[in-house]
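Notes for the structure review
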Amino acid sequence: MRIELVEGDITEQQVDVVVNAANSSLLGGGGVDGAIHRRGGPEILTECRALRAGHYGKGLKTGEAVATTAGRLPARWVVHTVGPVWSGDEDRSALLAACHRNCLHVAADLGAHTVAFPAISTGIYRWPVESAAEIALEAVLSTLSTGSCSVELVRFVLFGTAAYDVFREQADALGVGGDSV
Ligand code: AR6
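Residues numbered from 1 in each chain as written. Predicted model: local features only at pLDDT ≥ 70, side-chain atom pairs only at ≥ 80, totals over all residues. Heavy atoms only, no water.

Moving on, we come to the packing of helix α4 (residues 129–144) against helix α5 (residues 161–174). In contact at an axis separation of 9 Å, α4 and α5 are set at 45 degrees when each is read in the N-to-C sense. As summarised for this structure, α4 and α5 are arranged oblique, according to the angle between their axes. Considering only the axes of α4 and α5, their crossing is right-handed. For the pair formed by α4 and α5, the contact residues are Val129, Glu130, Ala133, Glu134, Ala136, Leu137 and Glu138 on the first element and Ala163, Val166, Phe167, Gln170, Ala171 and Leu174 on the second. A breakdown of the residues in the contact of α4 with α5 according to their chemical character gives nine nonpolar, one polar and three charged. (Axes fitted to C-alpha atoms, helices over the stretch in contact; angles between N-to-C directions. Helix = DSSP H or I, 4+ residues; strand = E, 2+ residues; numbered from the N terminus. Parallel < 35°, antiparallel > 145°, perpendicular 65-115°, else oblique. Left-handed = near helix turned anticlockwise from the far one by under 90°. Contact = heavy atoms within 4.5 Å. Nonpolar A, V, L, I, M, F, W, Y, C, P; charged D, E, K, R; others polar.)

Written as structure tokens, this is what we have:
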């Protein structure tokens, strides 16, 4: 089991699963979500629409995760999750941790061994990167170390040096996270 940090674009990752920081509609948006749908092509949206027409009629709840094809991305699946919007009044950390845990469980159910995560909630949902990094790394570490998860590699793909440096610092503090190119 290995955790890697890399600065880059998540849509370029050659992994089994790419995690999407989606919204509950599952029908696309900006940020990572927009990039994944743009680069992955219309097949992803078609599957998202089918999910909405079926079990996810009311949308995907915050903290939950669901898989679709990855379309034309160099990955096999996209696992969509909905991060919490940052709140200064309410502690929503458990929901952010749940996103990571549930994505890994969905990935394991698919038989995936390698998973790339963006920094969920740190863009349009305004979660401070330092806090998000700590929650994300701890959640992944604890899920992978239970032994019930078959995922072997988790790669955090950070957009820009600033986010990468913050994740690097948190990973060093936790004693995890090699570099990857
Ligand atoms: N690769 C890796 N990271 C990226 C990329 C990319 N191609 N593009 C942006 N980031 P965000 P959220 C970083 O806003 O905060 C959408 O509209 C970005 O710099 O994508 O969870 C959804 O539909 C930031 O650090 O996701 C939802 O409505 C991180 O990815 C809402 O945004 C997450 O930023 C979700 O907001």
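There's plenty left to go through after this.
The final tally for this structure, using the stated rule, is five salt bridges. Here glutamate 4 and arginine 155 are joined by a salt bridge, their closest N and O atoms 2.9 Å apart. Residue glutamate 4 is found in strand β1 (residues 2–7), and its partner arginine 155 is found in strand β6 (residues 153–158); the two are separated by 151 residues along the sequence. According to the relative accessible area criterion, arginine 155 is buried, its value standing at 13%. We note a salt bridge from arginine 168 to aspartate 172, for which the minimum N-O separation is 3.3 Å. In this pair, arginine 168 and aspartate 172 are both assigned in helix α5, four residues apart and thus about one turn of the helix distant. (Salt bridge = Lys/Arg side-chain N within 4 Å of Asp/Glu carboxyl O. Buried < 20%, exposed > 50% of the residue type's maximum accessible area, 1.4 Å probe, protein only.)

Quick look at α4 now. Under the 1.5 Å per step criterion, the end-to-end length of α4 is 22 Å for 16 residues, consistent within 8% with the ideal 22 Å. Among all positions of α4, only Ala132, Ala133, Ile135, Ala136, Leu137, Ala139, Val140, Thr143 and Leu144 are buried. Buried residues belonging to α4 abut β1, α3 (93–110), β5 (114–117), β6 and α5. (Expected span 1.5 Å × (residues − 1).)

A word on the UniProt feature "domain: Macro" (unreviewed entry) in the protein chain. UniProt tags residues 1–175 as "domain: Macro" (unreviewed entry). In residues 1–175, the share of helix is 40% and the share of strand is 19%. The end C-alpha atoms are 14 Å apart. (UniProt positions renumbered as here; feature names shortened; annotations may be inferred.)

Quick look at the site of the ligand now. Contacts to the ligand come from 22 residues, most closely from Asn23, Gly30, Val32, Asp33 and Thr122. At 2.7 Å, a side-chain N or O of aspartate 33 approaches an oxygen atom of the ligand. Here tyrosine 125 contributes a backbone N or O atom positioned 3.0 Å from an oxygen atom of the ligand. Computed on the free molecule, the ligand has an accessible area of 700 Å², of which 89% lies beneath the protein chains in the complex. Sorting the residues of the shell around the ligand by element identifies β2 (17–22) and α1 (31–40) as the ones contributing at least two each. With four residues, α1 is the largest single contributor of residues to the shell around the ligand. (Near = heavy atom within 4 Å. Polar contact = N/O pair within 3.5 Å; in protein donor to acceptor, adjacent residues only side chain to side chain. Areas by Shrake-Rupley, 256 points an atom, 1.4 Å probe, with all protein chains shown as cover.)

Time to look at a negative patch on the surface. Where like charges cluster on the molecular surface, the negative patch consists of Glu7, Glu130, Glu134, Glu138, Asp165 and Glu169. Of all elements in the fold, only α4 and α5 reach the threshold of two or more residues within the negative patch. With three residues, α4 is the single largest residue contributor to the negative patch. For aspartate 165, a relative accessible area of 40% puts it in the partly exposed group. (Patch = residues over 30% accessible without salt bridge, like charges linked within 9 Å, V, L, I, M, F, W, Y side chains within 5 Å. Lys, Arg positive; Asp, Glu negative; His and termini not counted. Charge placed at Lys NZ, Arg CZ, Asp CG, Glu CD.)

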